[in-house]
Amino acid sequence: EEVSLKNTYKDDFYIGAALSASQIEEKEAKTDSLITKEFNSITAENIMKSMYIHPSKDKYDFTLSDKFVAYGEKNKMFIHGHTLIWHSQLAPWMQQIKDSTEMKAFMKDHISTIVSKYKGRINSWDVVNEALNEDGTLRKSIFLDVLGENYLADAFKLAEKADPKVQLYYNDYNIEEPAKREGAITLIKKIKAAGAKVDGVGIQAHWKLDRPSLEVIEESILAYSALGLKVAFTELDITVLPNPWDLRGADVNQNFEGNAKMNPYAEKIPDSIQIKLADRYASIFKLFLKHKDKISRVTFWGVDDKQSWLNDWPIKGRTNYPLLFDAKMQPKKAYFSVVNLKQTK
Ligand code: G3I
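Sequence order sets the numbering: in each chain, residues are counted from 1 along the sequence as written. Selection of residues for local features in this predicted model requires a pLDDT of at least 70, selection of side-chain atom pairs for listing and counting requires 80 or more, and totals for whole chains, interfaces and linings are taken over all residues.

### Notes on the site of the ligand
Taken together, Glu-45, Asn-46, Ser-88, Gln-89, Gln-204, Glu-235 and Trp-309 are the residues near the ligand. When residues are sorted by character, Ala, Val, Leu, Ile, Met, Phe, Trp, Tyr, Cys and Pro go into the nonpolar class, Asp, Glu, Lys and Arg into the charged class, and all the rest, Gly among them, into the polar class. Partitioning the shell around the ligand into residue classes produces one nonpolar, four polar and two charged. To decide whether a residue is near a molecule or strand, its C-beta atom is placed from the backbone and checked for lying within 6 Å of it.

Below, the structure is given as structure tokens:
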């Protein structure tokens, strides 16, 4: 059998990738064969977000999402929908909604239309994305402002009604960290207590070389699965660059431009970092394997380093190396550490 990520982990969990608009729209043979060889699940990185799929009140644009779903079906992939209710990447018309009747009507139309459109074809949805602050309290957003916290359970109820069989996830970042994890657990319990179904939790996993610790990740897998939830790692990548806020030092203006430390490996990533990245991925996947019965899916936030959103975060022009394939789509040391983990066990 061909060596690939998806074959290596086929008895354990799905291995996914987030696809960019161009990877969906105009897939070249090279990209296409890498995606189908390595991954058995896909997420749309951007095109199903509100501003793209629902640009004005009475207009939906399913051009790219239709292609995305058809591609997943053609390749018999597990198709994940990202995302129904999120405070970011909203269309301008949505940002103007001020009144609760109007907001409820928006949520009902938006969720019912999109979920029923792909009923039985999309396998799971991020129903609500990033509703929490770092301390575990509810994040201030247009939804919370206008509707109060009931919007959360309502969103899950609407999604279930539109497709009773589709798996419903709450998705967020840093929810492996204890305070935010407690917030997520409280939130999910409340949603369930209100009579809504939640099948799983999506831990985004935008991680660093040294954080979060394996202990914190493991505690989270156990805590969420103890609630009866499936655990998915939904947006995995590992930055190899310094956190700009750690570098800020005396620069209270947060002016990162021209700070050479911001982009230390612009020309080429050193071997020492390649090795650190490979070791970090290996220890993470070793932990995932230990808990494979609790984990439904591990999705990388992009196919290769060139695509990664981290190249332009938090300022334009950073060159990051967070994934398993380099900018030329060649497998990195980290790729081999992840596929060799099971062979050499
Ligand atoms: O499509 C426009 C293009 O027409 C325009 O010329 C260009 C100029 O900036 O922008 C393009 O849109 C960009 C879009 O990605 C598509 O490439 C937006 O500016 C850019 O903000 C947007 O970034 C996305 C980001 O979400 C938005 O918040 C990233 O690609 C995407 O990877 C990122 O993904 C999020 C998850 O959805 C939720 N979790 C965190 C994760 C990382 O931030």
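### A closer look at the nonpolar core
In terms of nonpolar packing, the biggest core is built from 88 residues, with Ile-111, Trp-125, Val-127, Ala-155, Ala-159 and Val-201 touching the most fellow members. For every residue pair, C-beta atoms are placed from the backbone, and the pair is scored as a contact if these atoms sit within 7 Å. Among all residues touching Ala-155, those that are not within four sequence positions of it are Leu-84, Ile-85, Met-107, Ile-111, Val-127 and Val-128. In this description, a nonpolar core means buried residues of the types Ala, Val, Leu, Ile, Met, Phe, Trp, Tyr and Cys, linked to one another by C-beta atoms lying within 7 Å. Working definition of burial: number of other C-beta atoms within 10 Å of the residue's own, with buried at 20 or more, exposed at 12 or fewer, and partly exposed in between, all C-beta atoms being placed from the backbone.

### Side note on the confidence of the model for the chain
Confidence of the predictor in every single residue is expressed as pLDDT, which spans 0 to 100. Residue-level pLDDT values for the chain average 94, and 96% of them are 70 or greater. Per the prediction output, this complex has pTM 0.96; the corresponding ipTM is 0.96.

### Describing the environment of Ile-315
By the secondary structure assignment, Ile-315 is in the loop between strand 9 (295–300) and helix 14 (333–343). Taking the C-alpha atoms as reference points, Ile-315 and Ile-47, separated by 268 residues in sequence, lie 22 Å from one another. Labels follow the DSSP assignment, with helices taken as runs of H or I lasting at least four residues and strands as runs of E lasting at least two, numbered in each case from the N terminus.

### What about the packing of helix 7 (residues 100–117) against helix 9 (residues 150–162)?
An axis is simply a line fitted to the C-alpha atoms; with a helix, the fit covers only the stretch in contact. Between two such axes, the angle follows the N-to-C directions and lies from 0 to 180 degrees. Between helix 7 and helix 9, whose axes approach to 8 Å, the crossing angle comes to 35°. Two packed elements cross with a definite hand, and for helix 7 against helix 9 that hand is right-handed. Only Tyr-151, Asp-154, Ala-155, Leu-158, Ala-159 and Ala-162 of helix 9 make contact with helix 7, whose side of the interface consists of Met-107, Lys-108, Ile-111, Ser-112, Val-115 and Ser-116. Across the contact of helix 7 with helix 9, the residue classes tally to eight nonpolar, two polar and two charged. By the definition used in this description, the sense in which the near helix is turned from the far one sets the handedness, with an anticlockwise turn below a right angle giving left-handed and a clockwise turn giving right-handed.

### Quick word on the pairing of strand 4 (residues 124–129)
Among the six residues in strand 4, six count as buried, and that is most of the element. Of the pairings in the sheet, the one linking strand 4 to strand 5 (residues 167–172) comprises five bridges and is parallel in character. For Trp-125, the partnering residue across the bridge sits in strand 5 and is Leu-168. In this scheme, strands are said to pair when DSSP sees at least two bridges between them.

### Section: the packing of helix 13 (residues 271–290) against helix 14
As a packed pair, helix 13 and helix 14 sit with axes 8 Å apart at the nearest point and diverge in direction by 30°. By the criterion of interaxial angle, the relationship of helix 13 to helix 14 is roughly parallel. Read as a crossing pair, helix 13 and helix 14 show a hand that is right-handed. Residues Gln-274, Ile-275, Leu-277, Ala-278, Asp-279, Tyr-281, Ala-282, Phe-285 and Lys-286 of helix 13 form the contact with helix 14, whose own contacting residues are Lys-333, Ala-334, Ser-337, Val-338 and Leu-341. With respect to orientation, any angle under 35 degrees is reported as roughly parallel, any angle over 145 as roughly antiparallel, any angle of 65 to 115 as roughly perpendicular, and every other angle as oblique.

### Points about the UniProt feature "active site" (unreviewed entry) in the chain
Within this numbering scheme, the UniProt entry marks Glu-235 as carrying the feature "active site" (unreviewed entry). Given 24 C-beta atoms within a 10 Å radius, Glu-235 is considered buried. When residues no more than four places from it in sequence are discounted, the contact partners of Glu-235 are Ala-18, Gln-204, Ala-205, His-206, Thr-299 and Trp-301. UniProt positions are given in the numbering used here, feature names are shortened, and annotations may be inferred rather than shown by experiment.

### A short note on unusual backbone geometry
Omega for the peptide link from Arg-211 to Pro-212 comes to -5°, which places this bond in the cis form. Topologically, Pro-212 is positioned in the loop between strand 7 (206–208) and helix 11 (214–226). In this chain, Trp-313 is followed by Pro-314 through a cis amide linkage whose omega measures 0°. Note on placement: Pro-314 falls in the loop between strand 9 and helix 14. Notably, Met-329 is not glycine yet its phi reads approximately 70°, a positive angle. If you trace the backbone, Met-329 turns up in the loop between strand 9 and helix 14. With 15 C-beta atoms counted inside 10 Å, the residue Met-329 sits in the partly exposed group.

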